[in-house]
Amino acid sequence: LREQSAYLFIGQTASYLIHFITPVFLVRLISRDEYGIYLQFLLITQTLIPILNLTLPSSLFFLMPTANVEEKRGYVWQTACLLFFVGVLFSIAFVLFADSFLSFAGFSMLNRFSIMLVTYLVFMLISEIGECIYVIEKKKIFNLIYYPLDRLVKLVILVALVLLTRGFRGCIFALWLYSVI
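The present account deals with the structure reproduced in this document.

About the criteria used
- Residues numbered from 1 in each chain as written.
- Predicted model: local features only at pLDDT ≥ 70, side-chain atom pairs only at ≥ 80, totals over all residues.
- Heavy atoms only, no water.
- Helix = DSSP H or I, 4+ residues; strand = E, 2+ residues; numbered from the N terminus.
- Salt bridge = Lys/Arg side-chain N within 4 Å of Asp/Glu carboxyl O.
- Buried < 20%, exposed > 50% of the residue type's maximum accessible area, 1.4 Å probe, protein only.
- 1 Å grid on protein atoms, 1.4 Å probe; cavity = no way out; pocket = protein on both sides within 12 Å on 5 of 7 lines; lining within 4 Å.
- Points joined across faces, edges and corners; volume = space filled by probe spheres on them.
- Nonpolar A, V, L, I, M, F, W, Y, C, P; charged D, E, K, R; others polar.
- Expected span 1.5 Å × (residues − 1).
- Bend = angle between axes of the 7 residues up to and from the residue.
- Contact = heavy atoms within 4.5 Å.
- Phe/Tyr/Trp six-rings, centres within 6.5 Å; stacked < 30°, edge-to-face > 60°.
- Lys NZ or Arg CZ within 6 Å of the ring centre and 35° of its normal.

Side note on the environment of Lys138
Mapped onto the secondary structure, Lys138 falls in the loop between α6 (114-136) and α7 (140-165). Between the C-alpha atom of Lys138 and that of Pro57, which follows or precedes it by 81 residues, the distance is 16 Å.

Here is the structure:
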């Protein structure tokens, strides 16, 4: 357990370093206002993901270690389906009331990106399962490589699409594309 924790710690630390340099690139590629909207997008999604996941991925830590292969598949499938269902229900409610919610929160600029916001949210909810599985299955190398590689891919997609689109739309599309991958 100690060795696995060390791999996870090193992977997470490298991930945070890459995450730390992401704004350094973005503030040079898009305007201050656009960067603010990008941060609003992240604020909404990164606040809602822990709330909407209902700690379902964490339940895998209790269920999977003693389960056989078939039961593990079933637990992962059930968790993914539940997260997808919760994400879709929230997405429907959000899209129906996006204008009211976003203007109440002061994020009315995000209204035109509400569909991308909810699809990003649903895909990111489901991806929470993978992180738990790597720890449960004791895949030390995955823990070491996954987190920094994940952030690096996100950074590369962000910078590439911002340069290709020459603007802010590339940021939002990059986040959406990243969540799909």
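Don't stop here, the text continues.
Quick look at the pattern of salt bridges
One pass over the structure, following the stated rule, counts three salt bridges. For Glu3, the salt bridge goes to Lys140, with nearest N and O atoms at 3.2 Å. Of this pair, Glu3 sits in helix α1 (residues 2-29) while Lys140 sits in helix α7, and the two are 137 residues apart along the sequence. Overall, Lys140 belongs to the partly exposed group, its relative accessible area being 29%. Among the salt bridges present, the one from Arg73 reaches Glu70, with a minimum N-O distance of 3.1 Å. Of this pair, Arg73 and Glu70 both sit in helix α4 (residues 69-96), three residues apart, which is roughly one turn of the helix. By relative accessible area, Arg73 is classed as exposed at 55%. Residue Glu70 is classed as exposed on the basis of its relative accessible area, which comes to 56%.

Some remarks on the layout of surface pockets
Put simply, the largest pocket is a space of about 700 Å³. Sorting the residues of the lining of the largest pocket by element identifies α1, α2 (32-52), α6, α7 and α8 (169-180) as the ones contributing at least two each. With eight residues, α7 is the single largest residue contributor to the lining of the largest pocket. The residue makeup of the lining of the largest pocket, split by class, is 16 nonpolar, six polar and five charged.

Section: α7
An α-helical segment advances 3.6 residues per turn. Residues three or four places apart therefore align on the same side. With 26 residues, α7 extends 38 Å from end C-alpha to end C-alpha; this agrees with the ideal 38 Å at 1.5 Å per step. Along its length, α7 shows its largest kink, about 30 degrees, at Tyr146, and proline Pro148 lies within four residues downstream of that point. Looking at α7, one finds that the buried residues are Asn143, Tyr147, Pro148, Asp150, Lys154, Leu155, Ile157, Leu158, Val159, Leu161 and Val162. Buried residues along α7 sit in contact with α1, α2, α6 and α8. In the segment just after α7, Arg166 is the residue with positive phi, at about 55 degrees.

A word on the packing of aromatic side chains
Under the counting rule described, the total for this entry stands at eight aromatic pairs. Relative to Tyr147, the ring of Tyr146 has its centre 5.1 Å away and its plane inclined at 75 degrees; by these criteria the two rings are edge-to-face. With a relative accessible area of 21%, Tyr146 lands in the partly exposed category. For the ring pair Phe173 and Trp176, a centre distance of 5.6 Å and an interplane angle of 25 degrees mean the geometry is stacked. One end of the pair is Phe173 and the other is Trp176, both in helix α8 and three residues apart, which spans about a single turn. We note Lys139 situated over the ring of Phe142; from NZ or CZ to the ring centre the distance is 5.4 Å.

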